[in-house]
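Coordinates in review
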Amino acid sequence: MHAALQAASEGPRGANPLVGAVLLDDHGSIIATGYHRGAGTYHAERDCIIRAEAAGITDFSSTTLYTTLEPCTHYGRQPACTDLITSAGIPRVRVGATDPSPNGGGAQVLRGRGAEVVVGVLADECRQLNHRWNQAVTQQRPFVTVHLAQSIDARIAAADGTSQWITSAVSRQHTHAIRERVDAILVGTNTVEIDNPRLTARDAEGNLTDSQPLRTVMGLRETPAEAKLRQGQPEGQGWLQLRTRDPLEALQQLAGTTHNGYPVKHVLVEGGQSVLSAFFAADLVDEIFFYTAPLILGAGRSSLGDIGVTTLAEARRYTLDATDGGPTRIMDDDVCIHLQPEPKGAPECSLASSPAPVQSPSASPIPPKAWNGSALKPPATPKVWP
Ligand SMILES: NC(=O)c1ccc[n+]([C@@H]2O[C@H](COP(=O)([O-])OP(=O)(O)OC[C@H]3O[C@@H](n4cnc5c(N)ncnc54)[C@H](OP(=O)(O)O)[C@@H]3O)[C@@H](O)[C@H]2O)c1
């Protein structure tokens, strides 16, 4: 299960949970490892089975499958993992955490078909890997990733409101790669009025990428008719005004919205200060990409305003997130820090104690890695189940 957790941490956070799977032979040796690379791509169990087949395995009758999350029972963009496990003929399944979403119940389904299923192997670690995804599912809202591009003195804009561009082209390209994989982008009314952003996902040459997010504006005032994000094709694929200042209500509105035929399950909040502060104050931030550029803006707009913290003890703690390319990366002259909220009242995830540990904030200092532009690229596997 440590190896499955390690594999899971390679994937991106978002609409779907991080999941890893490992197949063992009857001697306990690893035959194949798989992991989930985001919504629409192979689930970890399928990825693992395909890799085992590619390695020449045709008979699974003496194998054991370890998976960090209960296999799904659901046919969506991918087939149900329970059916894949049954048709492969895998007799033993070891599960880390149960699935709190409507896709759960796979352990019981497999037992009903005669498989030997054990649930709760490294359960705390497996649950904590997706603790914020679990919370988003329980709250029936999309998963929230925050993008925050700031100066080293924590300003997201200069005194006159200008913020294009604080960060490097490499950082911005990383943001575009995240835009490509989310279902929606959210900004506040002021950001539209001041920056007039397109909120599209573009490649390094400035061309629109295949997948475009739903562009949304949160606020009570009307978005100007001439705003770039209100323009139709080919600039983007739709926009939506969320007439509220309540972040949970905005997310609930988005949860009831479809984009490109699928419900909105992953939102990128890009700012500005008022909207970001509202999401932090409501503890509705599940993941953060914090880009800090080496410039000082002095009397500019601070990254965050009042989030209800009056004394240090009230401050929400965040931890370095070792998943999806690592916790810290150098992007040209910028530093990108990847964070997630610290789990509340639960033991620390012990990914670092696995045989092949990921970089951990509690381990030796993490050498910053340069981002090579490929970390968020989709896998070579087809996105859609034929
Ligand atoms: N560096 C970056 O990453 C980055 C990213 C984005 C923006 N920016 C910069 O940020 C600045 C804009 O920040 P900002 O704080 O003035 O504006 P903002 O957060 O973009 O928008 C504020 C507006 O959003 C609406 N709103 C929705 N929910 C709200 C809530 N809970 N609390 C307060 N307002 C809410 C209100 O408009 P209604 O009156 O319509 O309700 C409010 O006036 C600009 O200078 C922009 O360049 C920087």
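For clarity, every value in this text was computed on a predicted model and none was experimentally measured.

The secondary structure content of the chain amounts to 10 helices and 19 strands. Looking at the 386 residues of the chain, the share that counts as buried comes to 46%. Nonlocal contacts in the chain, meaning residues at least 24 apart in sequence, comprise 75% of its contacts between residues at least 6 apart.

Right, let's get into helix α7 (residues 169-181). Given 3.6 residues to a turn, an α-helix orients residues that are three or four positions apart in the same direction. For α7, spanning 13 residues, the distance from its first C-alpha to its last is 19 Å, which sits close to the expected 18 Å at 1.5 Å a residue. Within α7, 10 of the 13 residues are buried, which leaves it mostly tucked inside the rest of the structure. Every buried residue belonging to α7 is among Val 170, Ser 171, Arg 172, His 174, Thr 175, Ala 177, Ile 178, Arg 179, Glu 180 and Arg 181, and all of these are buried. Buried residues in α7 make contact with β6 (143-151), β8 (184-188), β13 (266-271), β14 (287-293), β17 (328-331) and β18 (334-341).

Turning next to the UniProt feature "binding site: Zn(2+)" (unreviewed entry) in the chain. When the UniProt feature table is mapped to this numbering, "binding site: Zn(2+)" (unreviewed entry) covers His 43, Cys 72 and Cys 81. Spanning 39 residues, the annotated positions come together in the fold, the maximum distance between their C-alpha atoms being 9.0 Å. The contacts of Cys 72, once residues within four sequence positions are left out, are His 43, Ala 80, Cys 81, Asp 99, Asn 103 and Gly 106. Checked against the element boundaries, Cys 81 lands in helix α3 (residues 81-88). Since 30 C-beta atoms lie within 10 Å of it, Cys 81 is described here as buried. Residues contacting Cys 81, with those up to four places away along its chain left out, are His 43, Glu 45, Arg 46, Pro 71, Cys 72 and Gly 106.

Attention now moves to the nonpolar core. Grouped together as the largest cluster of nonpolar side chains are 48 residues, with contacts concentrated most on Val 144, Val 146, Ala 184, Leu 186, Val 267, Val 269 and Phe 279. Aside from chain neighbours lying at most four places away, what touches Val 269 is Val 144, Val 146, Leu 186, Val 275, Leu 276 and Phe 279. One finds Ala 8, Tyr 66, Val 109 and Leu 129 within the second-largest nonpolar core, a separate group that totals 36 residues.

Backbone hydrogen bonds are what pair the strands of a sheet, in a parallel or an antiparallel way. Sheet architecture is open: five strands sit in the order β2-β1-β3-β4-β5, paired in mixed fashion. Of all strands in the sheet, those with a lone pairing partner are β2 (30-35) and β5 (116-119), marking the two edges. Each adjacent strand pair in this sheet contributes to an overall mean axis angle of 15°, direction not counted. The sheet contact formed by strand β4 (residues 92-97) and β5 spans four bridges and is parallel. The residue bridging Arg 92 from the neighbouring strand is Glu 116, located in β5. Sheet strands touched by helix α2 (residues 44-54): β1 (20-24), β2 and β3 (64-69). Its angle to β2, the strand with the most contacts, is close to 140°.

What follows concerns the UniProt feature "binding site: NADP(+)" (unreviewed entry) in the chain. With numbering matched to this structure, UniProt assigns "binding site: NADP(+)" (unreviewed entry) to Ala 149, Trp 165, Thr 191, Asp 195, Leu 199, Gly 272, Gln 273, Ser 274, Val 275, Leu 276, Ser 277 and Ala 278. Among the secondary structure elements, Leu 199 is positioned in the loop between α8 (189-195) and β9 (214-218). On the basis of neighbour counts, which here come to 26 C-beta atoms within 10 Å, the residue Leu 199 falls in the buried class. With respect to the helices and strands, Ala 278 occurs in helix α10 (residues 273-281). Excluding residues that lie within four positions of it along the chain, Ala 278 makes contacts with Arg 245 and Pro 247.

In this fold, Val 309 is placed in the loop between β15 (301-302) and β16 (318-320). Residue classification places Val 309 among the partly exposed residues on the basis of 13 C-beta atoms within 10 Å. Not counting the four nearest positions on each side in its chain, Val 309 is found in contact with Glu 314 and Ala 315.

For the rest of this paragraph, the subject is α3. Here α3 has its buried residues at Cys 81, Thr 82, Leu 84, Ile 85 and Ala 88. For α3, the angular spread of the buried residues around the axis is 165°, confining them to a single face. Looking at the buried side of α3, the elements it contacts are α2, β3, β4 and α4 (106-112). Immediately beyond the C-terminal end of α3, within one or two residues, lies Gly 89, with a positive phi of roughly 85°.

Okay, the site of the ligand next. Every one of the 27 residues lining the ligand counts as a neighbour, but Gly 188, Asn 190, Gly 219, Gly 271 and Gly 272 are closest to it. Listed by contribution, the elements that provide at least two residues to the shell around the ligand are β6, β7 (155-157), β8, α8, β13 and α10. Among the elements that take part in the shell around the ligand, α8 stands out by supplying five residues, more than any other. Its residues placed into classes, the shell around the ligand shows 11 nonpolar, 11 polar and five charged.

How each quantity is defined
Numbering of residues begins from 1 in every chain and follows the order in which that chain's sequence is written. In view of the model being predicted, local features appear only for residues whose pLDDT reaches at least 70, and side-chain atom pairs are presented and counted only at 80 or more, with totals across whole chains, interfaces and linings using the full set of residues. What counts as a helix is a DSSP run of H or I of at least four residues, what counts as a strand is a run of E of at least two, and both are numbered from the N terminus. Residue burial here comes from a neighbour count, namely the number of other C-beta atoms, placed from the backbone, that lie within 10 Å of the residue's own C-beta, with 20 or more meaning buried, 12 or fewer meaning exposed, and in between meaning partly exposed. Here the contact rule is simple: place C-beta atoms from the backbone, and any two residues whose C-beta atoms are within 7 Å are in contact. To estimate the expected span of a helix, subtract one from its residue number and multiply by 1.5 Å. UniProt positions are given in the numbering used here, feature names are shortened, and annotations may be inferred rather than shown by experiment. We define the nonpolar core as any set of buried residues of the types Ala, Val, Leu, Ile, Met, Phe, Trp, Tyr and Cys, connected via C-beta atoms lying within 7 Å of each other. Should DSSP find at least two bridges between two strands, the strands are regarded as paired. Fitted lines through C-alpha atoms serve as axes, helices being fitted only where they are in contact, and the angles separating the N-to-C directions of these axes extend from 0 to 180 degrees. The arc in question is traced by the directions running from the helix axis to the C-beta atoms. Near, as applied to residues and a molecule or strand, means the residue's backbone-placed C-beta atom lies within 6 Å of it. Under the convention adopted here, Pro, Cys and the residues Ala, Val, Leu, Ile, Met, Phe, Trp and Tyr are nonpolar, Asp, Glu, Lys and Arg are charged, and Gly plus all remaining residues are polar.

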